[in-house]
Protein chains: 2
Amino acid sequence: MRTQALYGAVQEDLSLVEDVFESLKHGDYGPLGDMLDIVLSGGGKLLRPALALLSGRFGHYDLDLLVPLAASVELLHTATLVHDDVIDQASTRRGRPTVNSSFHNSTTVMLGDYLFAHAADQVVKTDNLRVVRLFSDTLMIMAKGEIRQDLTAYDSRQTIRDYLQRIGGKTASLFATACEGGAIVSGQPDEWTQAFRDYGYNFGMAFQVVDDILDFTGDPDAMGKPVGSDLEQGTLTLPSLLLMDRSPKSNPIQKYFTRPSRERLAEAIQAVLEFGVIQESYEMARDFSQRANEALDLLPDLEDRQTLRDLTEYILGRRS
Amino acid sequence: MRTQALYGAVQEDLSLVEDVFESLKHGDYGPLGDMLDIVLSGGGKLLRPALALLSGRFGHYDLDLLVPLAASVELLHTATLVHDDVIDQASTRRGRPTVNSSFHNSTTVMLGDYLFAHAADQVVKTDNLRVVRLFSDTLMIMAKGEIRQDLTAYDSRQTIRDYLQRIGGKTASLFATACEGGAIVSGQPDEWTQAFRDYGYNFGMAFQVVDDILDFTGDPDAMGKPVGSDLEQGTLTLPSLLLMDRSPKSNPIQKYFTRPSRERLAEAIQAVLEFGVIQESYEMARDFSQRANEALDLLPDLEDRQTLRDLTEYILGRRS
């Protein structure tokens, strides 16, 4: 992805974000550095840092402030992924062993906390209390979103509205913060800052909807997880919820949730793939990405604006 | 403890910190509030918040800033306790069921994250970037201290120096931050701020040494954990390390670590209690508390200074 210059004018500058991670890995007590190396070298696409930098291009593009911001967003994201690994008992992520499979469960919890600490350390380097406050709010929203997801597992009374609220908290809020943070740090006017928040939020919603689609349609090898892993863990996502909406009284998902078995899971996945709900889900993702792009209308017509719009197209078409 | 007016002039104001916790419990989505209720009503002594407020008494005592600071310190402390519960697989803490025994392991991890978010939210309310930075540094030090403890479990090559460094990071750093934060928020001169940092750090060291002594000598009912629980989990503390120093080549702790069994654990605990290392540990705690009190020499002779000095006496004599 990186080699396709998808990130336009900030493509090169992303290496500065990677440099931050390298310095963290080498700057500490051996075993800690090794752990950071595992979680920060996972072939992540640095999508959130790229959005932070791109947003900063519309104001005073000061890399001394924008790079720590971008690094902080990615560290916060990574911290939640690490804690997710504890949560889901997943043994692989992106096809690589998860931290949790390399270390004790307890160590994984602490490693996540350590990443939170690094995220805090980086965001403080922006020297901007408003950005710090934004991060603190985001952490709160994300933590609530995660707990909500956990508490509602295997609960078939959830609605699409619940789902949208959940992914808003779990995913979209951090994308919104990446973009809004970039605008704030680069000193942009309030209405641009709001536009970037809207862009980021809707981008994040589209991103997560596609992610949830790919959980059903993606190549398990490329995704690094089995088909239907969300359903398997009792998590209802958009395709499942659309299917349940079609036949609320009796459907294979409800059957699976009532008494989980391998066969019932396979039946539920099959139904999701056959009854057109994947297409319907894609339409919803497209709606979000359109809203994201429209939010940018009031910004100057820089090349970076096109880069941001191309990115929303890219995430709709991604395969893993 | 609270009824003895141990906290002098700030005793009453601590109820404002409790009010913050109450408002957090009632301000959110039902199940989340219930979880906060369990972890924030644990009969904690609010020692760290009290220190933050007492330190603030030497400057501009503005409760609008000091109460969020004090609440933040306690929330950060509680977050680490919650994550510790995941780590240690402990089923009780302070004699009450731990969160982890009331909720799924995964929920406990997220609840800790949620408490971190609240800690961040409160510290940002101090509107002081220097204090935010202090918190971020402290989180980093604490996270490192925890990982270090975890990675060195059952490793009998540790030294007393390693131990002091570990408890410095795990415990004393947050006490130092409570006191230093109080001084910063109330606008005190740099040398007073440093004095409070020194006081808090040494206070915290004394506190943790006593804690580690009580793990051997305390009443299991009052402590809410069995005698020798640290050793049982492979954690070497000061009494154990002093014992190992006396007979480095062969001692019952090394035997227990080499091949853990109930009998070997009992033998090791017995040896710690019999060979005078408890008294020696108390002498070390007393040294730290003296250093804490001496750090206050350069401060004005307010009644609050005596309160702080009485507190160091109190923690030396505590029984649980």
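Right above here is the structure, for reference.
Residues numbered from 1 in each chain as written. Chains lettered and ligands numbered in written order. Predicted model: local features only at pLDDT ≥ 70, side-chain atom pairs only at ≥ 80, totals over all residues. Heavy atoms only, no water.

Peer 1: How would you summarise the interface of chain A and chain B if you had to cite specific residues and measurements?
Peer 2: You'll often see interface size given as the accessible area lost when the parts meet. Between chain A and chain B, the residue contacts involve 39 residues of the former and 39 residues of the latter. In total, about 3,600 Å² of surface goes out of reach between chain A and chain B, with carbon and sulfur atoms giving 74% of it. For the chain A face of the interface with chain B, the top three residues by lost area are A:M110, A:M140 and A:I147, together amounting to 17%. Connecting chain A to chain B are two salt bridges. Across the pair A:D127 and B:R133 runs a salt bridge whose closest N-O atoms are separated by 3.1 Å. The interface formed by chain A and chain B holds six residue pairs in polar contact (both at pLDDT 80 or more) in total. Elements with a minimum of two residues in the side of chain A that touches chain B: α2 (30–40), α4 (63–88), α6 (105–124) and α7 (129–151) of chain A. In terms of residue class, the side of chain A that touches chain B is made up of 21 nonpolar, eight polar and ten charged. (Contact = heavy atoms within 4.5 Å. Buried area = accessible area lost by both parts, 1.4 Å probe. Salt bridge = Lys/Arg side-chain N within 4 Å of Asp/Glu carboxyl O. Polar contact = N/O pair within 3.5 Å; in protein donor to acceptor, adjacent residues only side chain to side chain. Helix = DSSP H or I, 4+ residues; strand = E, 2+ residues; numbered from the N terminus. Nonpolar A, V, L, I, M, F, W, Y, C, P; charged D, E, K, R; others polar.)

Peer 1: Can you lay out empty space enclosed by the protein for me, pointing to particular residues and giving the numbers?
Peer 2: For the structure shown, the criterion picks out four cavities of 30 Å³ or more. For the largest cavity, the calculated volume is near 350 Å³. As for the largest cavity, its lining consists of 22 residues, of which A:F116, A:A120, A:L139, B:A120 and B:L139 are closest to the centre. Elements that contribute at least two residues to the lining of the largest cavity include exactly α4, α6 and α7 of chain A together with α4 (63–88), α6 (105–124) and α7 (129–151) of chain B. (1 Å grid on protein atoms, 1.4 Å probe; cavity = no way out; pocket = protein on both sides within 12 Å on 5 of 7 lines; lining within 4 Å. Points joined across faces, edges and corners; volume = space filled by probe spheres on them.)

Peer 1: Tell me about the packing of α6(A) against α6(B), and name the residues and values.
Peer 2: For the pair α6(A) and α6(B), the least separation of the axes is 12 Å and the interaxial angle reads 20 degrees. Between α6(A) and α6(B), the crossing angle belongs to the class labelled roughly parallel. Relative to α6(B), α6(A) is oriented so that their crossing is right-handed. Facing α6(A), whose interface residues are A:N105, A:V109, A:D113 and A:F116, α6(B) presents B:N105, B:V109, B:D113 and B:F116. (Axes fitted to C-alpha atoms, helices over the stretch in contact; angles between N-to-C directions. Parallel < 35°, antiparallel > 145°, perpendicular 65-115°, else oblique. Left-handed = near helix turned anticlockwise from the far one by under 90°.)

Peer 1: I'd like a rundown of helix α15 (residues 277–295) of chain A, residues and numbers included.
Peer 2: All names here are of chain A. Between the first and last C-alpha of α15 there are 27 Å, a value that for 19 residues agrees with the 27 Å anticipated at 1.5 Å per step. If you check which residues of α15 are buried, you get V277, I278, S281, A285, F288, S289, A292, N293 and A295. Seen from one end, α15 has its buried residues packed into an arc of 165 degrees, which puts them on one side. On its buried face, α15 is in contact with α8 (160–185), α9 (190–217), α12 (238–246), α14 (262–274) and α16 (303–317). (Expected span 1.5 Å × (residues − 1). Buried < 20%, exposed > 50% of the residue type's maximum accessible area, 1.4 Å probe, protein only. Arc of directions from axis to C-beta.)

Peer 1: Account for the pattern of salt bridges, with residues named and values stated.
Peer 2: Side chains that differ in charge, positive against negative, can pair when their charged atoms come close. All names here are of chain A. Enumeration according to the criterion identifies 30 salt bridges over all chains in this entry. A salt bridge links D155 to R157; the nearest nitrogen and oxygen atoms lie 2.9 Å apart. Since its relative accessible area comes to 70%, R157 is described here as exposed. In this structure, the salt-bridge partner of K225 is D215, at a minimum N-O distance of 3.4 Å. Here the residue K225 occupies a position in the loop between α10 (220–223) and α11 (229–232), and D215 occupies one in helix α9, the gap between them amounting to ten residues. The exposure class assigned to K225 is partly exposed, which follows from its relative accessible area of 27%.

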